[in-house]
Amino acid sequence: MTASSHTARAHSFNAVAAQYAANRPSYPPALLDAVEDLAGRPLAGARVLDVGAGTGISSAVLRVRGARVVGVEPGEGMAAEFHRGLPGVPVVRGDGNALPFADASADAVTYAQSWHWTDPARAVPEALRVLRPGGALALWWNTTAPGVPWTERQRERIAQHLGLDDVGGRGGAAPRAALDALPVPLDFAARSVPWSRHVPVDTHLANLGSHSMFLVRGARDSAAFLAAERDRLLAEFPGGSVEERYVVELLVAVAP
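Residues numbered from 1 in each chain as written. Predicted model: local features only at pLDDT ≥ 70, side-chain atom pairs only at ≥ 80, totals over all residues. Heavy atoms only, no water.

Caption draft 1: Just helix H7 (residues 149-162), in detail. For H7, built from 14 residues, the straight-helix expectation of 20 Å at 1.5 Å per residue is met to within 8% by its first-to-last C-alpha distance of 20 Å. Along H7, the residues classified as buried are Trp-150, Thr-151, Gln-154, Ile-158, Ala-159 and Leu-162. As for H7, its buried residues are in contact with strand E5 (131-144), helix H9 (201-209), helix H10 (212-215), helix H11 (219-236) and strand E7 (241-254). Phi for Gly-163, located one or two positions after H7, is positive at around 75°. (Helix = DSSP H or I, 4+ residues; strand = E, 2+ residues; numbered from the N terminus. Expected span 1.5 Å × (residues − 1). Buried < 20%, exposed > 50% of the residue type's maximum accessible area, 1.4 Å probe, protein only. Contact = heavy atoms within 4.5 Å.)

Caption draft 2: Structural detail: the packing of H7 against H11. For the pair H7 and H11, interaxial distance at closest approach is 12 Å and the crossing angle is 155°. By the angle between their axes, H7 is roughly antiparallel relative to H11. For the crossing formed where H7 meets H11, the hand is right-handed. From H7, Trp-150, Arg-153, Gln-154, Arg-157, Ile-158 and His-161 reach across to H11, where they touch Asp-221, Phe-225, Glu-229, Arg-232, Leu-233 and Glu-236. Taken together, the residues that form the contact of H7 with H11 break down as four nonpolar, two polar and six charged. (Axes fitted to C-alpha atoms, helices over the stretch in contact; angles between N-to-C directions. Parallel < 35°, antiparallel > 145°, perpendicular 65-115°, else oblique. Left-handed = near helix turned anticlockwise from the far one by under 90°. Nonpolar A, V, L, I, M, F, W, Y, C, P; charged D, E, K, R; others polar.)

Caption draft 3: How the structure looks around H11. The first and last C-alpha atoms of H11 sit 25 Å apart over 18 residues, in line with the 26 Å expected at 1.5 Å per residue. Buried residues belonging to H11 abut H7, H9 and H10.

Caption draft 4: Up close: unusual backbone geometry. Unlike most non-glycine residues, Ala-104 shows phi in positive territory, near 50°. Judged by its relative accessible area of 39%, Ala-104 falls in the partly exposed class.

Caption draft 5: Spotlight on the packing of aromatic side chains. Summed over the entire model, instances satisfying the criterion amount to seven aromatic pairs. Seen in terms of ring centroids, Phe-13 and Trp-117 are 6.0 Å apart; in terms of plane orientation they differ by 75°. Their pairing is edge-to-face. Taken together, the residues Phe-13 in the loop between helix H1 (3-11) and helix H2 (17-23) and Trp-117 in the loop between strand E4 (106-112) and helix H6 (120-130) connect sequence positions 104 residues apart. A relative accessible area of 10% places Phe-13 in the buried class. Given a relative accessible area of 21%, Trp-117 falls into the partly exposed group. Between Trp-150 and Phe-237, the ring centres sit 5.6 Å apart and the planes meet at 75°, which makes this aromatic pair edge-to-face. Of the two residues, Trp-150 is situated in helix H7 and Phe-237 in the loop between H11 and E7; the sequence distance between them amounts to 87 residues. Residue class for Trp-150 comes out buried when judged on its relative accessible area of 7%. One aromatic cluster is present, formed by Phe-13, Tyr-20 and Trp-117 through successive ring pairs. (Phe/Tyr/Trp six-rings, centres within 6.5 Å; stacked < 30°, edge-to-face > 60°.)

See the structure below:
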């Protein structure tokens, strides 16, 4: 991916923030249990900087757990949707490469579905700067569970449509390798958390259409593919709903 295409994809969400908020999956309570376990401390009462917070999906579940959350979001459209959905939670404009916070001011820095938009060589030192000693850097991704026949077939159709060899979820393997190559005093522990949700076919397709790989293709191209996909799914699932099965890939490191 070129730098220009990476930037275009990163900014593509702002135009569909409401669609993103309404249809993207959230995260299960078991994920936050795992975060607390690997961080060695509860989230309740912790000051958490949720970076790349988007429309606030992860910030909402962190707040339910009792964290004092501050959202950090570079995109105007996404930040506006965050404010509409979570009016009681502060959100500031910024990104992980230059966090707008004082040194040692946070108990945790989280990246839900957003670490891959950062430059790790800049974002890791920034996280270490703002974390208090013993604070946690937590990164996680909802990835499509492997081995589910209908989603495997759909992934093949998407790859063919986009002209790619394969389409996979943004999991922790590649980011973990990049992190391990950095000269930083962090030891990341990993955890996988499976979960699922049942949604109408139209919600599934709206979720799919909110991904950058479709947003940068143009509305007409994406709409044609998603309309054909709707026909295929309704033929396979005449009840009109599907089970989206996920594995949340989690990486947590504790600051020295």
